[in-house]
Structures are given as C-alpha cells and as structure tokens.
Amino acid sequence: MSLIVACRGTHKLWNVDVDRMYIPVYVNLNHWIALCISFVNRHIEVFCCGGKKKIKEVEAVTHFVPWILKAVQSLRMQKHLNITPYTVSCVPMCGLNRSNFHCGVYTLKYIECHLLGLDMSLVDDDNIWGTRIKIMWDLWDAASDPELIERMTKYEPP
C-alpha cells in the first residue's frame, strides 16, 4: 500500500501545514466509515452510522499515522516526534442507517458536517434518500462542467 503524505497540488505536509485529515474507509468489504485524524490532538474520531464501537481496521491507523508523520519530517524534527499510537473515539450515532445501505452517503455527510461545524442530526434516515440524490446530482453536474472536462484532458499522473 502506498500513501501520499503531501496534499496533492499544494505540496502541504501532514502535521506541518495540515492539522487534520478526513478519510472515508471501506471496512469488511461491505461498510463505509469516516475518520477525522487530528494531528494536533493525536486523536482519531470515528463515524460509523452502524453504531459500531470497535473497528479493528482503525487500530492499524492509530499505529501507522505517527510513523508516516515521522518519516516525512526533516531529520532535525524527526528526533522530537512521538510515535506512540493515536487515541480513538467513536462519535455517538444512534438510529441511523436502519436500511443498511446508505453508509457511504452518511460517511460523506459526516465529513461535510464535521468540516463545516454542522450538527450531524441534520442528516437522518428520513432525508437520506434526498441527500443521496443531491450528491449524485452534484457529481453529474461536476462531470458535465466544461472547465473540469478540459482540465481532466490535460491531467498527467505524477
């Protein structure tokens, strides 16, 4: 597995220029969760609309993030970095995703709400279908944008 530790296009480094990162994670080949990794607090918040409190895949993340951070720092800074695992907490969510097939939409909306400082209670099973359609429409709209299409034709992988 390869990881990119600089933000593509900006060349910003984790824990130097970036204080937190949001990551959607596909677990058990059937479920999406979201992680908010705070480099400042050395803490990972887990959002799982299924209500799971312990997700084994997150345990690995708590261990490898400090090692990645250390590897990308200058030699002068490396010796001062702590490589102990990050702490983890699960964001309390109850009564969501009763149909068991909206976890991807909930994951995206959690990231959006958390990033914007909005209450996650704005999204629930009563409005998740509308949310799914809105995300689909936004993706379709972006894919039809002439400027984006032009930029994608010029993209060259690193």
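- The name given to the chain in an unreviewed UniProt entry is Ubiquitin-like protease family profile domain-containing protein, with Brassica carinata as the source organism.

## Here we look at unusual backbone geometry
Working note: non-glycine residues mostly have negative phi, and peptide bonds are mostly trans.
Turning to step 1, where the next piece is worked out: Even without a glycine there, the phi angle at Leu29 is positive, about 55°.
Turning to step 2, where the next piece is worked out: Mapped onto the secondary structure, Leu29 falls in the loop between strand 3 (20–27) and strand 4 (31–38).
Turning to step 3, where the next piece is worked out: Non-glycine residue Arg42 carries a positive phi angle of around 55°.
Turning to step 4, where the next piece is worked out: Examined against the element boundaries, Arg42 turns out to sit in the loop between strand 4 and strand 5 (43–47).
Turning to step 5, where the next piece is worked out: Given a relative accessible area of 22%, Arg42 falls into the partly exposed group.

## A few points about empty space enclosed by the protein
Turning to step 1, where the next piece is worked out: Counted under the stated rule, the structure contains 1 cavity of 30 Å³ or more.
Turning to step 2, where the next piece is worked out: Approximately 40 Å³ is the volume attributed to the largest cavity.
Turning to step 3, where the next piece is worked out: Lining the largest cavity are Val46, Phe47, Cys48, Gly51, Lys52, Lys53, Cys90, Val91 and Met93.
Turning to step 4, where the next piece is worked out: In the lining of the largest cavity, the residues fall into 6 nonpolar, 1 polar and 2 charged.

Calculation notes
- Residues numbered from 1 in each chain as written.
- Predicted model: local features only at pLDDT ≥ 70, side-chain atom pairs only at ≥ 80, totals over all residues.
- Heavy atoms only, no water.
- Helix = DSSP H or I, 4+ residues; strand = E, 2+ residues; numbered from the N terminus.
- Buried < 20%, exposed > 50% of the residue type's maximum accessible area, 1.4 Å probe, protein only.
- 1 Å grid on protein atoms, 1.4 Å probe; cavity = no way out; pocket = protein on both sides within 12 Å on 5 of 7 lines; lining within 4 Å.
- Points joined across faces, edges and corners; volume = space filled by probe spheres on them.
- Nonpolar A, V, L, I, M, F, W, Y, C, P; charged D, E, K, R; others polar.

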